[in-house]
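# Structural overview
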Amino acid sequence: MEVLTVLVDIAFVALGVVAVLSGGAVFVVDSMARATYALAVSFVAVGVQVLFLQQSYVGVVVILMMVMEMAVMAVYMVMFMGMNPALMPMSMVHSNRTAVATAVLTFLLLAAGILVVDWPARRGSPPRDVTEALGEALMGPQMLVMAVISPVMVATIVAGVVLAAPRTRYDRFGDDLRQRPPDDPQPGGVGR
Amino acid sequence: MGEPLLTSLPAAAGPAVVTVAPAWAVAVVAVLGALALAAAALDGVLSARSASAGGAVGAAGRPLGEASRLLRQRRRTTVQADTLLWRTGGAGLLVAAALMLAVVPLGRWTVADLAVGVVWFNAMDVMVWALVWLVGWGANSAHALVGGYRFLAHGLGYELPLMFALVAPAIAAGSLNVGAVAAAQDGLWFAAWMPVAFLVYLLGVAGFSVWGPFAPALGTDVAGGVRAELSGVDRLVLETGRYALLAAGAAFAVPMFLGGGAGPLLPDWAWTLVKTLAVLALLVWARRRLPALRPDLFMEIGWLVLLPAALVQDLLVAVVTVWRS
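Rules behind the numbers
Residues numbered from 1 in each chain as written. Chains lettered and ligands numbered in written order. Predicted model: local features only at pLDDT ≥ 70, side-chain atom pairs only at ≥ 80, totals over all residues. Heavy atoms only, no water. Helix = DSSP H or I, 4+ residues; strand = E, 2+ residues; numbered from the N terminus. Rg over C-alpha atoms; globule rule 2.2 N^0.38 Å. Buried < 20%, exposed > 50% of the residue type's maximum accessible area, 1.4 Å probe, protein only. Phe/Tyr/Trp six-rings, centres within 6.5 Å; stacked < 30°, edge-to-face > 60°. Core = buried A, V, L, I, M, F, W, Y, C linked by side-chain atoms within 4.5 Å. Contact = heavy atoms within 4.5 Å. Expected span 1.5 Å × (residues − 1). Polar contact = N/O pair within 3.5 Å; in protein donor to acceptor, adjacent residues only side chain to side chain. Buried area = accessible area lost by both parts, 1.4 Å probe. UniProt positions renumbered as here; feature names shortened; annotations may be inferred.

## A closer look at the overall build of chain B
- Within chain B one finds 12 helices and 2 strands.
- The N-to-C order of helical and strand elements in chain B reads β-α-α-α-α-β-α-α-α-α-α-α-α-α.
- Taking 2.2 N^0.38 as the reference for a compact globule, 325 residues should give roughly 20 Å; the C-alpha atoms of chain B span a radius of gyration of 20 Å, in line with that estimate.
- When each of the 325 residues of chain B is scored for burial, the buried share is 54%.

## Thoughts on the packing of aromatic side chains
Residues and elements named next belong to chain B.
- Tallied over the entire structure, the rule returns 15 aromatic pairs over all chains.
- Relative to Phe-257, the ring of Tyr-201 has its centre 5.5 Å away and its plane inclined at 45°; by these criteria the two rings are tilted. Taken together, the residues span a long stretch of sequence, with Tyr-201 in helix α9 (residues 195-208) and Phe-257 in helix α10 (residues 232-257) at a distance of 56 residues. Each member of the pair, Tyr-201 as well as Phe-257, carries the same accessibility label: buried.
- Each member of the aromatic cluster is reached from another via a ring pair, and the members are Phe-121, Phe-198, Tyr-201, Phe-208, Phe-252 and Phe-257.

## Description of the nonpolar core
Residue and element names in this part refer to chain B.
- Ranked by internal contacts, the top residues of the largest apolar core, which has 115 residues, are Trp-133, Tyr-201, Phe-208, Phe-252 and Phe-257.
- In terms of residue count, helix α5 (residues 117-138) provides more of this core than any other element does, 17 residues in total.
- Not counting the four nearest positions on each side in its chain, Phe-208 is found in contact with Met-100, Phe-121, Asp-125, Val-128, Phe-151, Tyr-158, Leu-162, Leu-245 and Gly-249.

## Topic: helix α2 (residues 32-52) of chain A
- End to end, α2(A) covers 31 Å across 21 residues, agreeing with the expected 30 Å (1.5 Å per residue, within 8%).
- Every buried residue of α2(A) is accounted for by Met32(A), Ala33(A), Ala35(A), Thr36(A), Tyr37(A), Ala38(A), Ala40(A), Ser42(A), Ala45(A), Gly47(A), Gln49(A) and Val50(A).
- Where α2(A) is buried, its residues contact α1 (2-28) and α3 (56-80) of chain A together with α4 (83-101) and α5 of chain B.
- The opening residue of α2(A), the one whose side-chain oxygen lies 3.2 Å from the backbone nitrogen of Ala33(A), is Ser31(A).
- Gln54(A) sits one or two positions beyond α2(A) and adopts a positive phi of about 70°.

## Points about the interface of chain A and chain B
- Counting residues at the interface gives 32 residues for chain A and 33 residues for chain B.
- In total, chain A and chain B occlude about 2,800 Å² of area from one another, counting both sides; carbon and sulfur atoms represent 77% of this.
- Looking only at chain A, the three residues that lose the most surface to chain B are Tyr57(A), Leu64(A) and Met68(A), adding up to 21% of its buried area.
- Here chain A is connected to chain B by 2 residue pairs in polar contact (both at pLDDT 80 or more).
- Secondary structure elements with two or more residues in the side of chain A that touches chain B: α2, α3 and α5 (130-138) of chain A.

## A word on the UniProt feature "transmembrane region" (unreviewed entry) in chain B
Residues and elements named next belong to chain B.
- Residues annotated by UniProt as "transmembrane region" (unreviewed entry) correspond here to residues 20-42, 84-106, 126-148, 160-184, 190-211, 243-263, 269-286 and 298-323.
- From the first C-alpha to the last, residues 84-106 spans 35 Å; its make-up is 78% helix and 0% strand.
- Across residues 298-323 one finds 100% helix and 0% strand; the C-alpha atoms that close the span lie 35 Å apart.

So, in structure tokens, the structure goes:
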């Protein structure tokens, strides 16, 4: 069991190193795709570390969401970047000096926080399902509030998209809203 | 995915499945290889039959012939290819398929009995998004990149319905553990009373395997799309990866929707394999029976038809589950 604990510790530290190095690689590589997936590797390493902390659900969801996010980012970066530099070799940094100074200062501040704070000793033992305990600790009495707010947030997003869309139903269905099928620049698949 | 589910560990008394030693992961890869080969052989037979050429035996061996041809073929290189990302994408499909199969119990035995096996499977199928796009990107070829984007467009259409289709069995079983989901279908398979979720799931499997209706990412109209610049062993690895994903998807359907290893006479591991082969054969057969789904048109089908259908299915399952408890 001793050997296993040591191996787990080594793996945990190694994953941390992978996460930091691939996070750093984001700023070193000269391709948008490499930067995107270096970031994905970094997130996956962190996700696996969270798995090591017995937070299985949170860890797997971190991997799932981050890989999906990076794949979607690949869509947007080629779709919306002016002149499509995403397809060419390009530098991944801008405002270099300010950014480096900010990053170093932030790191020192956070690291100082870790070292200075008086960490509490463990009381009791971890619960059987740490994910449930984490959820309770984070949400607990606010669960009802969050459940109510989520539909409001979704409605806000939908309303925002509707307001931002340049084409309205009058463009689609004509001034009397009777034109069928609608006039769409790109037809949909269900023939609305 | 459904937050209320995350609390659940196997609720049934006693472990539903036995975790075997990690070395048995080799067996997972062997089973995956055998299933992929069976799927390729069946596809060869069906291809020969639709072209009415050759005997069944020769047609079944065609994938092996094709594999040996590809192994002897020279690897194509392209100008300024991003080889690291290109190869990672191609080889990654096989890895993702093996990691999917790792959480599927073969009868009573499983290699990784994760408390959140269903979410794990989901994470691996999302991994395919990145991998297929990387194969399209890495070659530095316009047609391959178009194929990669076609796949992502399909992904945006099939992934959310697939996620919500996976939620239905998890709600009914009250667990995200694959073994517990299989054990919860005592008597009545989930496929029988949540058919919409099952169909959406099968469509999702075809989706992440770039198979059948979702093959436009490899379309001949874009010179082979994602695999336009792939040749030799790289092409072999990609094709094997697609069959492996199809096989892993079929195997995962068994504990999720088809009662796991339950069945008369045969032992449960045999039933798991039989059901897996049946689902796999259905998927291979459907390839020639379903029209290609254009990515731009499928987006609306996915969001306006499949997603609401899967959500209504989840609601019904949740109501039934609450009512029964």
